[in-house]
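One-letter residues, chain by chain:
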Amino acid sequence: MSVFDRFMRLVVDDWFVLTCVSLSMIIIWLGARSLSQRERNQRAVWDAAWGVGISSLWFHLIRINEIFDRARPFEEHTVNLLTYMRTDQSFPSEAAAVGFAFATAIWIGNRRAGIALGFLAFLWAFARVYCGIHYPSDVIIGALIGISTSFLMHFIWRILKFAPDSFIKFMQWVHLA
Amino acid sequence: MVTASSFWDYFWQYFPLVFFSSLGMLQIAAARADLKGLTFLKRPLPCYLFGAVAIVGAFIWFYATGDRNAEPLISIDEKGKLFFGETQTFATFMAGAFCALVATLLVSSVVNARITSSTDKGAHYGLDALKETTFFQAITRDLAKGVRHFSNLIRG
């Protein structure tokens, strides 16, 4: 197996990117040096949590995968499958939705961190196609779902400002924000 | 129901990765934001090193102890469909991150107790309080302030 294949196997699994992205929320929440940037970052983490949560709901509550019921690429084509066989439907990609939901929400509050997370999300989505478990259209539509959900949640929380304000105030009260 | 592994098998494989990497990330974040009351070590550079070693070590351990692409760690039903995978992953991540936060607050409060108690300026609010005091000191100071305020209210 080539070095690139090994790298793709690392990126494609269910833990690596998801854990890295989730860990980055800790440094984004706590690690800002200025007060104004910290406030923007904490709002972005709040938006990201909701963006990812609602993106996942499309898949688990409304079950959009079952509406389209598309088979995985390895079921219909000869592919170099580098990971275990997923048994759920292929379209759209939940991994891409979650990755890009994180990246978009953070990008709104912190451009540099958002671009870094966007790169990770892209890598994750690319690896899903490269390893034979998604078609490119699965990850493109998944990414669009994640991006649009995060923007939607951002605008909702801008209108219902009291909710993130109250949460951050509570966290400040216990010295964690 | 066929299970690839029980929830607790899964939990004890993923939890240490999250716990130790979160612990490392908390140290890096605290050092970066100059939150002296939250760090385990006095100077920022050793904190960065500690954080990096904890994160990299946790990932190396996780990937060295099993082929993570051979089969899902999560439960599957008789049709081979994933069930509750994401919920388990999320619950485990939250548990690991929460335990890492509690461990950080406890250890940093003990380690820094002597260093910071003499320089308690006490004026900061929120996270900024942890630049000069430990979490335990900040909370007890707030509680004492609250009790004083409450007793003054009662006395009129």
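Residues numbered from 1 in each chain as written. Chains lettered and ligands numbered in written order. Predicted model: local features only at pLDDT ≥ 70, side-chain atom pairs only at ≥ 80, totals over all residues. Heavy atoms only, no water.

Draft legend 1. How the structure looks around the packing of aromatic side chains. Enumeration over the complete set of coordinates arrives at 21 aromatic pairs over all chains. The structure contains a cluster of three or more aromatic residues connected by ring pairs, namely W15(A), F16(A), Y14(B), F59(B), F62(B) and Y63(B). Sitting over the ring of W107(A), R111(A) keeps its end group 3.8 Å from the ring centre. (Phe/Tyr/Trp six-rings, centres within 6.5 Å; stacked < 30°, edge-to-face > 60°. Lys NZ or Arg CZ within 6 Å of the ring centre and 35° of its normal.)

Draft legend 2. Quick look at the nonpolar core. If you look at the biggest cluster of nonpolar residues, it comprises 71 residues, and the most contacted ones within it are M25(A), L30(A), I106(A), L117(A) and Y14(B). The next biggest cluster of nonpolar side chains, apart from the first, holds six residues, and it includes A96(A), F100(A), A125(A) and V139(A). (Core = buried A, V, L, I, M, F, W, Y, C linked by side-chain atoms within 4.5 Å. Buried < 20%, exposed > 50% of the residue type's maximum accessible area, 1.4 Å probe, protein only.)

Draft legend 3. Quick look at the interface of chain A and chain B. Facing the 37 residues of chain A at the interface are 44 residues of chain B. The largest per-residue losses of area from chain A upon contact with chain B belong to W15(A), Y84(A) and H175(A), which jointly make up 25% of the total buried on that side. Where chain A touches chain B, the interface holds two salt bridges. For R9(A), the salt bridge identified is with D67(B), shortest N-O distance 2.8 Å. Taken together, the links from chain A to chain B amount to 10 residue pairs in polar contact (both at pLDDT 80 or more). Going through the elements one at a time, α1 (3–12), α2 (16–30), α3 (35–60) and α9 (162–173) of chain A are the ones with two or more residues in the side of chain A that touches chain B. Of the residues forming the side of chain A that touches chain B, the biggest block, 10 residues, is contributed by α2(A). (Contact = heavy atoms within 4.5 Å. Buried area = accessible area lost by both parts, 1.4 Å probe. Salt bridge = Lys/Arg side-chain N within 4 Å of Asp/Glu carboxyl O. Polar contact = N/O pair within 3.5 Å; in protein donor to acceptor, adjacent residues only side chain to side chain. Helix = DSSP H or I, 4+ residues; strand = E, 2+ residues; numbered from the N terminus.)

Draft legend 4. Seen up close, the pattern of salt bridges. Residues and elements named next belong to chain A. On inspection of all chains with the given rule, the structure shows 11 salt bridges over all chains. Notably, a salt bridge pairs D165 with K161, separated by 3.5 Å at the nearest N-O pair. Under the relative-accessibility criterion, D165 is labelled partly exposed at 24%.

Draft legend 5. Examining the packing of α2(A) against α3(A) more closely. Residues and elements named next belong to chain A. Here α2 crosses α3 at 150 degrees, and the two axes come no closer than 7 Å. Contacts between α2 and α3 involve M25, I28 and W29 from the former and R38, N41, Q42, V45 and A48 from the latter. Classifying every residue of the contact of α2 with α3 by side-chain character gives five nonpolar, two polar and one charged. (Axes fitted to C-alpha atoms, helices over the stretch in contact; angles between N-to-C directions. Nonpolar A, V, L, I, M, F, W, Y, C, P; charged D, E, K, R; others polar.)

Draft legend 6. Spatial organisation of the side chain of T19(A). You can see T19(A) is positioned in helix α2. A distance of 2.6 Å separates the side chain of T19(A) from the backbone oxygen of W15(A), its partner in a polar contact. Sequence-distant contacts of T19(A), that is, excluding residues within four places in its chain, are made with Y14(B), L17(B), F59(B) and F93(B).

Draft legend 7. Region of interest: the confidence of the model for chain A. Put simply, chain A has an average pLDDT of 93, and 100% of its residues get 70 or more. At the low end of the mean pLDDT range in chain A sits helix α4 (residues 64–68) of chain A, at 86; at the high end sits helix α8 (residues 136–159) of chain A, at 97. (pLDDT = per-residue confidence, 0-100.)

Draft legend 8. A nonpolar patch on the surface, seen in detail. Residues L57(A), W58(A), L61(A), I62(A), I67(A) and F68(A) make up a contiguous nonpolar surface patch of about 610 Å² in total accessible area. Along the chain, the position of I67(A) falls in helix α4. (Patch = residues over 30% accessible without salt bridge, like charges linked within 9 Å, V, L, I, M, F, W, Y side chains within 5 Å. Areas by Shrake-Rupley, 256 points an atom, 1.4 Å probe, with all protein chains shown as cover.)

Draft legend 9. Layout of unusual backbone geometry. The omega angle of the peptide bond from F91(A) to P92(A) is -10 degrees, so this bond is cis rather than trans. Looking at where P92(A) falls in the secondary structure, it is placed in the loop between α5 (73–76) and α6 (94–109). Backbone geometry places R63(A), a non-glycine residue, at a positive phi of 55 degrees. Residue placement: R63(A) occurs in the loop between α3 and α4. Positive phi is not limited to glycine here, since D34(B) has a value of about 60 degrees.

Draft legend 10. Spatial organisation of α1(A). Residues and elements named next belong to chain A. Turning to α1, its buried residues are D5, M8, R9, V11 and V12. Buried positions in α1, seen along its axis, are confined to an arc of 165 degrees and lie on one side of it. α1 presents V3 and R6 as exposed residues on the side facing more than 90 degrees away from its buried surface. Looking at the buried residues of α1, the elements they touch are α2 and α7 (111–130). (Arc of directions from axis to C-beta.)

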